[in-house]
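# Overview (structure and organization)
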Amino acid sequence: MAAYHHAYVSGGRVFAPVDPLLMRLADRLWIDGGTLIVERDGRRTRVGLARGVATALNAAYVPVGPVLRALGLAVRYDAATHRLLVNVPVAAVVASPTPFNAMAPSALPKAVFTPAPPLTPRPVWTGSPLPRRTALPFPPPD
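The shown structure was predicted, so the numbers you read here are calculated from the model rather than taken from an experiment. (Residues numbered from 1 in each chain as written. Predicted model: local features only at pLDDT ≥ 70, side-chain atom pairs only at ≥ 80, totals over all residues. Heavy atoms only, no water.)

### What about the overall build of the protein?
- Across its full length, the protein carries two helices and eight strands.
- For the protein, whose C-alpha radius of gyration is 39 Å, the value lies well above the compact-globule estimate of 14 Å for 142 residues.
- If you line up the protein on its principal axes, its C-alpha atoms span 120 × 55 × 35 Å.
- Counting every position in the protein, which comprises 142 residues, the buried fraction comes to 20%.
- Of the contacts formed within the protein by residues at least 6 apart in sequence, a portion of 40% connects residues at least 24 apart.
- Total accessible area computed for the protein in this model is approximately 12100 Å², and 59% of it derives from carbon and sulfur atoms. (Helix = DSSP H or I, 4+ residues; strand = E, 2+ residues; numbered from the N terminus. Rg over C-alpha atoms; globule rule 2.2 N^0.38 Å. Buried < 20%, exposed > 50% of the residue type's maximum accessible area, 1.4 Å probe, protein only. Contact = heavy atoms within 4.5 Å. Areas by Shrake-Rupley, 256 points an atom, 1.4 Å probe, with all protein chains shown as cover.)

### Observations concerning helix H1 (residues 18–25)
- If you check which residues of H1 are buried, you get Val18, Pro20, Leu21, Leu22 and Leu25.
- Residues of H1 that are buried sit in contact with strand E2 (13–17), strand E3 (28–32), strand E4 (35–40), strand E6 (61–63), helix H2 (64–70) and strand E8 (83–87).

### Considering the sheet that holds E6
- The strand order across the open sheet built from three strands is E1-E2-E6, with neighbouring strands paired in antiparallel fashion. Edge positions in the sheet fall to strand E1 (8–10) and E6, since each has one partner strand and no second. Each adjacent strand pair in this sheet contributes to an overall mean axis angle of 35°, direction not counted.
- Taken together, the three bridges between E1 and E2 define a ladder with antiparallel strand orientation. Within E2, the position partnered with Val9 by the bridge is Val14.
- Strand contacts of H1: E2 and E6, with the helix running at about 90° to E2, the strand carrying the most contacts. (Pairing = 2+ DSSP bridges. Axes fitted to C-alpha atoms, helices over the stretch in contact; angles between N-to-C directions.)

### Considering the environment of Thr98
- Mapped onto the elements, Thr98 comes out in the segment after E8.
- Taking the relative accessible area as the measure of exposure, Thr98 reaches 70% and is therefore exposed.
- C-alpha of Thr98 to C-alpha of Gly127: the two residues are 29 residues apart in sequence and 71 Å apart in space.

### Some thoughts on the pairing of E2
- E2 sits mainly inside the fold: four of its five residues count as buried.
- What sits between E1 and E2 in their antiparallel hairpin is a turn of two residues, with Gly11 showing a positive phi close to 65°.
- Sheet topology places E2 next to E6; three bridges connect them, and they run antiparallel. Note on E6: the bridge partner recorded for Pro17 is Tyr61.

### A look at the pattern of salt bridges
- Considering all chains together, one arrives at three salt bridges under this definition.
- Here Arg28 and Glu39 are joined by a salt bridge, their closest N and O atoms 3.6 Å apart. Of the two residues, Arg28 sits in strand E3 while Glu39 sits in strand E4, which places them 11 residues apart along the sequence.
- Across the pair Arg40 and Asp41 runs a salt bridge, and its minimum N-O distance is 3.8 Å.
- Exposure remark for Arg40: the relative accessible area of 11% places this residue in the buried category.
- Here the salt bridges do not stand alone but share partners, grouping Arg28, Glu39 and Arg44 into one network. (Salt bridge = Lys/Arg side-chain N within 4 Å of Asp/Glu carboxyl O.)

### A few points about the sheet that holds E3
- Reading across from one edge, E3-E4-E5 is the order of the three strands in this open sheet, with antiparallel pairing throughout. Strand pairing shows two members of the sheet lacking a second neighbour, E3 and strand E5 (43–48), which therefore form its edges. The average undirected angle you get between the axes of adjacent strands in this sheet is 20°.
- As paired strands, E4 and E5 are joined by six bridges and run antiparallel to one another. Along E5, the bridge assignment pairs Glu39 with Arg44.
- Across the face of the sheet, H1 comes into contact with E3 and E4 while running at roughly 35° to E4.

Structural data, given as structure tokens:
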């Protein structure tokens, strides 16, 4: 994994920066006080951090073997090639939906009662006609 800050071996343990390794493998990651809390698939582990690294996770180094094993991942260090091998379990396969088949049985539509809107009654004119209220143009003299 390419990273600006590289992992190193010290005292028989592999130390790696939190960013990018744990940020790519963990579901959730946060700092509570001086403790880094890492969560993946419902498993949670806590790692103590050195002072002053709370704002720079790419500079915070943790022993990745115990942290990843606590999260349920298989970890092995190959000393000959200087590589840390992390085996991530295969996630469940996501299946695509089946194509539409018009011949397949489907649910029948249900009857929905929607009342028809009432008709607007037409006006009925009774009585004598009223005079016109708009002025008629006066014809000009010839």
